[in-house]
Amino acid sequence: MTAVAGSSTTAVPAAGAEAGPGAGTEARPDAGTGLARRRALLPQVLAGLVAVLVVGGFLLGTYLANVHNGLIAVSFAAVGAFVLRARPGHREGWLFLVAGVVHAVMFVCRQYGLHAGDHPAAYLPAVEWVTWLGVWPLALVLVLVAVTLMSFPDGHLPSPRWRPVVAVMLVAGTLVS
C-alpha cells in the first residue's frame, strides 16, 4: 500500500489495481473514526493557543525585556505548525511547535509579573507563582531549543555521538533550573 503524507482519503489503491469504488483498496486502521482529522488539527490548535497567549501577554503591556520571548514563541510555533500541516507527524515540526508553546507560556507569565510590578495597586492573584513559572524553566527551555536546532532538518541528531551531549545539556539544565 502506498500512502501520501497528509492525504485525507481513507483508502489507497494498491499498485496495479483497477480504479473504482472499493476495487483493490485497503482501508486504513483509523479510517472513518475522525482520529486522523483530529490529529491533523492539533498543531493548528496549539499554534492558535500560542497566538492567544502572546496577544494576551501584549495586552498586559509591552516590556522590551520580554518582547523576544513573544517573538520566539510565535516564530517557532508558526514554523512547527507549517511543517506539520505539510508533513503530519514530522519530528522536527513537533519540536518547533513544542518550543513555541513553552516560550508562549513563559512569555505570558513574565508579562503578568512585569505588569504586576508596574501596577502595584492592581490586585493580580498568584503573582509570585505565575512569575516563577515564567522564569524557572528557562534553562530547560534553552535545552529544548538547542535540541530542536541540533535536530534540524529531520528531527534526528546528526549522529548517535550527540546523545551524550544532549544528556549533559539536560542534566545541566535541570540543575540550573
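Before any of the text, the structure's been laid out above.
Residues numbered from 1 in each chain as written. Predicted model: local features only at pLDDT ≥ 70, side-chain atom pairs only at ≥ 80, totals over all residues. Heavy atoms only, no water.

Participant: Mind showing me how you'd approach the nonpolar core here?
Facilitator: Where a protein is soluble and globular, its nonpolar side chains tend to be buried together. Core analysis: the biggest nonpolar cluster contains twelve residues, these being Val 50, Leu 53, Val 54, Ala 73, Ala 77, Leu 84, Leu 97, Val 101, Ala 104, Phe 107, Val 108 and Cys 109. Ranked by residue count, the leading element in this core is helix α3 (residues 91-118), at six residues. Formed by six residues, the second largest nonpolar core is a distinct cluster that contains Phe 96, Ala 99, Met 106 and Val 141. (Core = buried A, V, L, I, M, F, W, Y, C linked by side-chain atoms within 4.5 Å. Buried < 20%, exposed > 50% of the residue type's maximum accessible area, 1.4 Å probe, protein only. Helix = DSSP H or I, 4+ residues; strand = E, 2+ residues; numbered from the N terminus.)

Participant: Could you clarify how one ought to interpret the side chain of Asn 69 in this entry?
Facilitator: Note that Asn 69 resides in helix α2 (residues 67-86). Residue Asn 69 is classed as buried on the basis of its relative accessible area, which comes to 2%. A distance of 2.7 Å separates the side chain of Asn 69 from the side chain of Asn 66, its partner in a polar contact. Not counting residues up to four positions away in its chain, the partners in contact with Asn 69 are His 103, Phe 107 and Arg 110. (Polar contact = N/O pair within 3.5 Å; in protein donor to acceptor, adjacent residues only side chain to side chain. Contact = heavy atoms within 4.5 Å.)

Participant: Where do I start with the packing of aromatic side chains in this structure?
Facilitator: Centre distance and the angle of the planes are the two values used to describe a pair of aromatic rings. In the structure shown here, the tally under the stated rule is four aromatic pairs. Measuring from centroid to centroid gives 5.8 Å for Trp 129 and Trp 132, while their planes differ by 80°, and the two rings are edge-to-face. Within this pair, Trp 129 and its partner Trp 132 are both found in helix α4 (residues 127-135), separated by three residues, close to a single helical turn. Taking the relative accessible area as the measure of exposure, Trp 132 reaches 44% and is therefore partly exposed. Among the aromatic side chains, those forming a connected cluster through ring pairs are Trp 129, Trp 132 and Trp 136. (Phe/Tyr/Trp six-rings, centres within 6.5 Å; stacked < 30°, edge-to-face > 60°.)

Participant: Teacher, can you tell me more about the environment of Met 150 here?
Facilitator: Mapped onto the fold, Met 150 is located in helix α5 (residues 138-150). Taking C-alpha positions, Met 150 is 9.5 Å from Val 166, a pair spaced 16 residues apart along the chain. Once you skip the residues sitting within four places of it in the chain, Met 150 turns out to touch His 156, Leu 157, Pro 158, Trp 162, Val 166 and Met 169.

Participant: What am I meant to see in the side chain of Asn 66 here?
Facilitator: By secondary structure assignment, the location of Asn 66 is in the loop between α1 (35-59) and α2. Polar contacts involving the side chain of Asn 66 include one to the main-chain carbonyl oxygen of Phe 107, which spans 3.2 Å. Excluding anything up to four places from it in sequence, Asn 66 contacts Phe 107, Arg 110, Gln 111 and Leu 114.

Participant: How should I be thinking about the packing of α1 against α2 in this particular structure?
Facilitator: Between two packed helices, the angle of one axis relative to the other and the distance separating the axes together describe the packing. Close contact between α1 and α2 brings their axes to 9 Å; oriented N to C, the two are set at 165°. In terms of orientation, α1 and α2 fall into the roughly antiparallel class. For α1 against α2, the interelement crossing comes out left-handed. Residues Pro 43, Gln 44, Ala 47, Val 50, Val 54 and Phe 58 of α1 pack against Val 67, Gly 70, Ala 73, Val 74, Ala 77, Ala 81, Leu 84 and Arg 85 of α2. Considering only residue class, the contact of α1 with α2 consists of eleven nonpolar, two polar and one charged. (Axes fitted to C-alpha atoms, helices over the stretch in contact; angles between N-to-C directions. Parallel < 35°, antiparallel > 145°, perpendicular 65-115°, else oblique. Left-handed = near helix turned anticlockwise from the far one by under 90°. Nonpolar A, V, L, I, M, F, W, Y, C, P; charged D, E, K, R; others polar.)

Participant: Mind showing me how you'd approach helix α6 (residues 163-176) here?
Facilitator: Counting along an α-helix, one turn takes 3.6 residues, and residues three or four places apart therefore face a common direction. Here α6 contains 14 residues, and its C-alpha end-to-end distance of 20 Å stays within 8% of the 20 Å for a straight helix at 1.5 Å per residue. Along α6, the positions that sit buried rather than exposed are Val 166, Met 169 and Gly 173. All buried residues of α6 lie within an arc of 60° about the axis, which places them on one face of the element. Facing away from the buried side of α6, by more than 90 degrees, are the exposed residues Arg 163, Val 168 and Leu 175. Buried residues in α6 make contact with α5. (Expected span 1.5 Å × (residues − 1). Arc of directions from axis to C-beta.)

Participant: Which parts of the structure should I look at to understand the packing of α1 against α3?
Facilitator: Two numbers describe how α1 lies on α3: the axes approach to 9 Å, and their chain directions differ by 25°. The angle between the axes of α1 and α3 places the two elements in the roughly parallel class. When the axes of α1 and α3 are compared, the crossing they make is left-handed. On α3, the residues that touch Leu 42, Pro 43, Leu 46, Ala 47, Val 50, Leu 53, Val 54, Gly 56, Gly 57 and Phe 58 of α1 are Trp 94, Leu 97, Gly 100, Val 101, Ala 104, Val 105, Phe 107, Val 108 and Gln 111. Here the contact of α1 with α3 is composed, by residue class, of 15 nonpolar, four polar and no charged.

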